[in-house]
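Overview (structure and organization)
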Amino acid sequence: MTSFASELIAVGSELLGPWRTDTNGAYLSRRLGERGIEVRYRTVVGDRMDDIQEIFRVALARSDLVVATGGLGPTIDDLTREAVADLAGLPLVLDEQLARQIEECFRRYALLMPPRHMRQAMVPQGAEVLPNRLGTAPGLWLRSGRASIVLLPGVPGEMRQIVDDSVLPRLPLGDERFAYRVVKISGLTESEVDRRLDEVARAAGPVAWTILAAPGQIELHLRERVRVGEPPAGIERIDRAIVAALGAHVFARDEETMEDVIGRLVVQRDESLSAAESLTGGGIARRITSVPGASRYFRGAAVVYSDESKKALLGVGSKTLQTHGAVSRETAVEMARGARRLFGSTWAISSTGYAGPEGGGAERPAGTVILALAGPGTEKSRELRLAGDRETVRARTAGAALDVLRRALLGVEM
């Protein structure tokens, strides 16, 4: 690995509260690791001038590369630029070209630029401006003693664009790098994955191995140190062993999502999808349509929360609802059948159930979920019991519904 000592600083009081997390740090750790630069420290600091300067003072004393995100906006609590300039003994000067770019950004959208946005055109003297093609807060690169300081906006999309365009290309490439892979698994609990992969984990060798539970899926995070130009042989070996042990439960890797996989499979088959949603309230459709180009194969969804809408829109029988209830395999199947007919799609998936806190009695408590699938020559249903609060059950139901659909497209039993 490179001899660079690097660390990350996330600036923002919101990151110290319970509602926001520092996702930028995880991204930067990975991208730096891919170039052989190991991150040795990660710090979160609030929007106080003294605190920001103290964190930077410590970082500059021990690290060759300090990358900070956040605090570059136009508001009074955006203090990173001022704090670092003062600490480095550099005056802030107006960058005329940057000022014109910020003004042009507002003109492009026919907006009047508030005067305070000119703060973003003030840069520490001698700092290099890193262009932000997606927003008005530029990145900045400057030196302080032996250390390089990179200041980046906290908005993830803007930060990533600047990192890819302007930061990574100028960083040294070490003899070794970290290779990463995330293997995504559905239909099993974290403990079951751990049990089935016990021998695989014991044979992991130098491959670092972590199991994480994410909404609706389990993730295996793998990391291996390899020489530049060489493939991650250990990760490849472990990946094959995971698939051999878990089969179709493995559905994706790295950035690919369940909805990405489904979209790819449907396009390959030249087919189409629709959904009928009660419990999930549009959650299945939201995930499917998050994929760019989903309009090629997704015909639509019916959110049918009442018995009346189930009958009127999807043709669910009154007798079915009276005899079996809205939360039943029979109703779920008729919902899927009705959506397939309504939208003229090849496949249709439906969801109904009790998200909580109320349930359907002792036999069907909160967390009882019914999914159904209608497709060419097939109608299937599945009953699940999902743990968690109301929103967790709804999110897990949407994920489970997509997995039912994925398995049908692959010809794998539910």
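Quick look at the structure, then. Note on numbering: residues in each chain are counted from 1, in written sequence order. Local features are withheld for residues below a pLDDT of 70 in this predicted model, meaning they are given only at 70 or higher, and side-chain atom pairs are given and counted only at 80 or more; totals for whole chains, interfaces and linings count all residues. Values shown for side chains rest on all heavy atoms present in the structure; no hydrogens or waters enter the calculation.

**A look at the overall build of the chain**
- Helical segments are the DSSP runs of H or I of at least four residues, strand segments are the runs of E of at least two, and each set is numbered from the N terminus. Looking only at helices and strands, the chain features 14 helices and 17 strands.
- Taken over the C-alpha atoms alone, the chain extends approximately 80 × 60 × 40 Å along its principal axes.
- Looking at the chain residue by residue over its 414 residues, the buried ones come to 49%.
- Whether two residues are in contact is decided by their heavy atoms: any pair within 4.5 Å suffices. Pairs at least 24 residues apart make up 67% of the contacts formed inside the chain by residues separated by at least 6 positions.
- For the area figures, the Shrake-Rupley method with a 1.4 Å probe applies, and any residue is considered shielded solely by the protein chains shown. Carbon and sulfur atoms make up 50% of the accessible area of the chain, which amounts to about 19,500 Å² in all.
- Taken together, the 54 basic and 54 acidic charged side chains of the chain have centroids lying 4 Å from each other. With a 1.4 Å probe rolled over the protein chains alone, any residue whose accessible area is under 20% of its type maximum counts as buried; one over 50% counts as exposed, and the rest are partly exposed. Only four residue types enter the tally: Lys and Arg on the positive side, Asp and Glu on the negative side; His and the chain ends are excluded. Lys charges are placed at NZ, Arg charges at CZ, Asp charges at CG and Glu charges at CD.

**Details of the sheet that holds strand β6 (residues 128-130)**
- Strands sit in the order β2-β1-β3-β8-β7-β6 across an open sheet of 6 strands; the sheet is mixed. At either end of the open sheet lies a strand with only one pairing partner, and these are β2 (39-45) and β6. Here the average twist between neighbouring strands, direction ignored, is 20°.
- Between any two strands, at least two bridges found by DSSP are needed for them to pair. Sheet topology places strand β7 (residues 139-144) next to strand β8 (residues 147-152); 5 bridges connect them, and they run antiparallel. Opposite L140, over in β8, you have L151 as the bridge partner.
- Most of the contacts of helix α1 (residues 23-34) go to β2, to which it runs at about 160°, and overall it touches β1 (6-11), β2, β3 (65-69) and β8. Helix axes are fitted only over the stretch in contact, all axes being lines through C-alpha atoms; the angle between N-to-C directions runs from 0 to 180 degrees.

**Thoughts on unusual backbone geometry**
- In this structure, P357 follows G356 across a cis peptide bond, with omega equal to 5°.
- Position of P357 relative to the elements: it lies in the loop between β15 (347-353) and β16 (368-375).
- Residues other than glycine seldom take positive phi values, yet A110 does so here, at roughly 55°.
- Here D270, not a glycine, exhibits a phi torsion of approximately 55°, which is positive.
- Mapped onto the secondary structure, D270 falls in the loop between α9 (258-269) and β13 (273-277).
- For D270, a relative accessible area of 70% puts it in the exposed group.

**Here we look at the pattern of salt bridges**
- In the sections that follow, a salt bridge refers to a side-chain nitrogen of Lys or Arg positioned within 4 Å of a carboxyl oxygen of Asp or Glu. A complete count under the given rule lists 30 salt bridges for this structure.
- The salt bridge involving R31 is made with E34; its shortest N-O contact spans 2.9 Å. In this pair, R31 and E34 both sit in helix α1, 3 residues apart, roughly one turn of the helix.
- Overlapping salt bridges bring together R30, R31, E34, D164 and D254 as one network.

**Points about the sheet that holds β16**
- Pairing within the open sheet is mixed, and its 5 strands lie in the order β14-β13-β15-β16-β17. Both edges of this open sheet fall to β14 (298-303) and β17 (378-385), since each of them pairs with a single strand only. The sheet shows a mean angle of 15° between the axes of neighbouring strands, direction not considered.
- Alignment of β15 against β16, held across 6 bridges, turns out to be antiparallel. Considered in β16, the bridge of G353 is made with V369.
- Seen against the sheet, helix α13 (residues 329-343) touches β13, β14, β15, β16 and β17 and runs at an angle of roughly 40° to β16.

**Remarks on the side chain of E224**
- Within the secondary structure, E224 sits in strand β11 (residues 217-227).
- With no salt bridge to any partner, buried E224 finds its closest opposite charge in R237, at an N-O distance of 6.8 Å.
- Polar side-chain contacts of E224 include one of 3.1 Å to the backbone nitrogen of G234.
- A polar side-chain atom of E224 sits 3.0 Å from the main-chain amide nitrogen of I235. Pairing of N or O atoms within 3.5 Å defines a polar contact, subject to two protein rules: one partner must be a possible hydrogen donor and the other a possible acceptor, and residues neighboring in sequence count only if both atoms are side-chain atoms.

**Section: α13**
- Expected span of a helix, by definition, is 1.5 Å for each gap between consecutive residues, and there is one gap fewer than residues. The first and last C-alpha atoms of α13 sit 21 Å apart over 15 residues, in line with the 21 Å expected at 1.5 Å per residue.
- Among all positions of α13, only T331, A332, V333, E334, M335, A336, G338 and A339 are buried.
- Tucked into the core, α13 has its buried residues touching β13, α11 (307-314), α12 (318-324), β15, β16 and β17.

From the geometry alone we can't say anything about function, so treat these as descriptive.
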